[in-house]
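Results of the structural survey
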Amino acid sequence: MTVRLHWFLPTGGDGRTLVDRHAYGPNGQAGRKTPGLRLPDIEYLAQIAKAAERLGFEAVLTPTGTWCEDAWLITAALSQHTERLKFLVAFRPGLLSPTLAAQMAATYQRVTRGRLLLNVVTGGDSSEQRRFGDHLDHDRRYERTDEFLSIVRGVWRGEPYDFHGTHYQVDGGLTALPPDPVPEVFFGGSSQAAGPVAARHADVYLTWGEPPAQVKEKIDWIRSLAEREGRTVRFGVRLHTISRDSSAEAWATANRLLDDLDADTVAAAQAALGRSESVGQRRMLELHGGSRDQLEIHPNLWAGVGLVRGGAGTALVGSHAEVADLIEEYHALGIEHFVLSGYPHLEEAYWFGEGVIPELAARGLLDGAAAEGSGGGAPLLVAGGR
């Protein structure tokens, strides 16, 4: 099992701080002039996508939600700016028909020549779900996701498929031209309602970057549930990264990100995040308890991002070798996919791609394509005096 590396597309905006600076504000102020904000226009996102492809990342994750561009549309556009890069498209079951989603995925595979991966986001914030007209509670959303994914896989068979459940009634559902290849399904969730759904449907179970001991507990939990279903699930982790030529440089960068956060900003963010129904989000908050003290929760694993940002709240911080060490530690537990990001995403892609990827390649953890993308084998050219 080799390490498979993925990067992130900041389709809500990008910048040099951890403060959530969305390009689309709550009052519809699209493109407002905020110092340091990089708008998620196609030109900037194409820079990130091309950098990820050049550096050896297999795919880029695109988020879903109110404050970012639509993941299906933006990645379909970016596929025309890249050649090999895959797109891990996040979407919310329940906001579209499962038969339509299956058809969209099939079309996407043909248009991009097989470069689609699917990230199923059931949703842990009821207020966010209600913006899209979804009023189910947390556990019933997972119940619906179970049915949704059953239908998607059913209609991908290329013959009429019937389904009669609590949330969906489908008669003769069909994808006339099934996707080729069938997209891998990435799925996350830390609640008791999420586990059985992952065991039945996920190709890759994706967890946020908790310390290795806690990640192992999740792997053991999902693996045991999948065995009862007669299935095998692979595993991935979602993390940020701050990798530099020296450990001191990396930690200085992490501390600079903290310097931008005043106490009121942290308190407001923690209050908002604390209202989430997501068990995974609650686990992220427990890693730091809203305090700046002892944010290094495991060697080279830093919880500072989660002080103000929801979702993935931890970062790999250190020299390129130290970051590679921690990746290798997760990999030894059974983690295959590493979905990474950093602020700003263009520069951090290069720091990781030119620093950590050669380290991983030297340790034999990457396949040929990823290792070649790092440029680690480039010859040294000596100037001839001209």
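Above this text is the structure in question.
Quick look at the structure, then. Since the model is a prediction, treat every value here as computed from it, not as a measurement.

About the cut-offs
- Residues numbered from 1 in each chain as written.
- Predicted model: local features only at pLDDT ≥ 70, side-chain atom pairs only at ≥ 80, totals over all residues.
- Heavy atoms only, no water.
- Helix = DSSP H or I, 4+ residues; strand = E, 2+ residues; numbered from the N terminus.
- Polar contact = N/O pair within 3.5 Å; in protein donor to acceptor, adjacent residues only side chain to side chain.
- Contact = heavy atoms within 4.5 Å.
- Phe/Tyr/Trp six-rings, centres within 6.5 Å; stacked < 30°, edge-to-face > 60°.
- Buried < 20%, exposed > 50% of the residue type's maximum accessible area, 1.4 Å probe, protein only.
- Salt bridge = Lys/Arg side-chain N within 4 Å of Asp/Glu carboxyl O.
- Pairing = 2+ DSSP bridges.

Before going further, it helps to spend a moment on the side chain of glutamate 53. Turning to its location among the elements, glutamate 53 is positioned in helix H1 (residues 42-55). From its side chain, glutamate 53 meets the backbone nitrogen of leucine 85 in a polar contact 2.8 Å long. Setting aside residues no more than four positions away along its own chain, glutamate 53 makes contact with Thr82, Glu83, Arg84 and Leu85.

What follows is about the packing of aromatic side chains. Counted according to the given criterion, the structure contains 8 aromatic pairs. With a centroid separation of 5.2 Å and 45° between ring planes, the pair formed by tryptophan 7 and phenylalanine 57 is classed as tilted. With tryptophan 7 in strand E1 (residues 4-8) and phenylalanine 57 in the loop between H1 and strand E2 (59-62), the pair connects residues that are 50 residues apart, well separated along the chain. Each member of the pair, tryptophan 7 together with phenylalanine 57, is buried. Each ring, one from phenylalanine 91 and one from phenylalanine 148, has its centre 5.9 Å from the other, and the planes form 45°; the classification is tilted. One end of the pair, phenylalanine 91, is in strand E3 (residues 86-91); the other, phenylalanine 148, is in helix H5 (residues 138-155), and 57 residues separate them in sequence. Phenylalanine 91 sits in the buried class, given a relative accessible area of 5%. Linked through ring pairs, Trp72, Phe91, Tyr108, Phe148 and Tyr168 together constitute an aromatic cluster.

Applying the stated criterion across every chain yields a total of 19 salt bridges. Glutamate 347 is paired through a salt bridge with arginine 16; the nearest N and O atoms lie 3.0 Å apart. Of this pair, glutamate 347 sits in helix H12 (residues 345-362) while arginine 16 sits in the loop between E1 and H1; the two residues are 331 residues apart in sequence, bridging distant segments of the chain. For arginine 16, a relative accessible area of 45% corresponds to the partly exposed category. Taking the shortest distance from any N to any O, the salt bridge between arginine 200 and glutamate 229 comes out at 3.4 Å. With arginine 200 in helix H6 (residues 194-201) and glutamate 229 in the loop between helix H7 (212-228) and strand E9 (234-244), this pair connects stretches of sequence that are 29 residues apart. Classification of arginine 200 by relative accessible area gives partly exposed; the value is 31%. One salt-bridge network, held together by shared partners, links Arg4, Glu58, Lys86, Glu184, Arg234 and Glu336.

Of all 11 residues making up E9, 10 are buried, and the element is well covered by its neighbours. Where strand E8 (residues 204-208) lies against E9, 5 bridges are found, and the strand directions are parallel. Counted as the bridge partner of leucine 206 is glycine 236 from E9. As defined by bridge partners, E9 adjoins strand E12 (residues 315-319) across 5 bridges and the pair is classed as parallel.

So, to be careful, I would describe these as geometric facts and stop short of saying anything about function.
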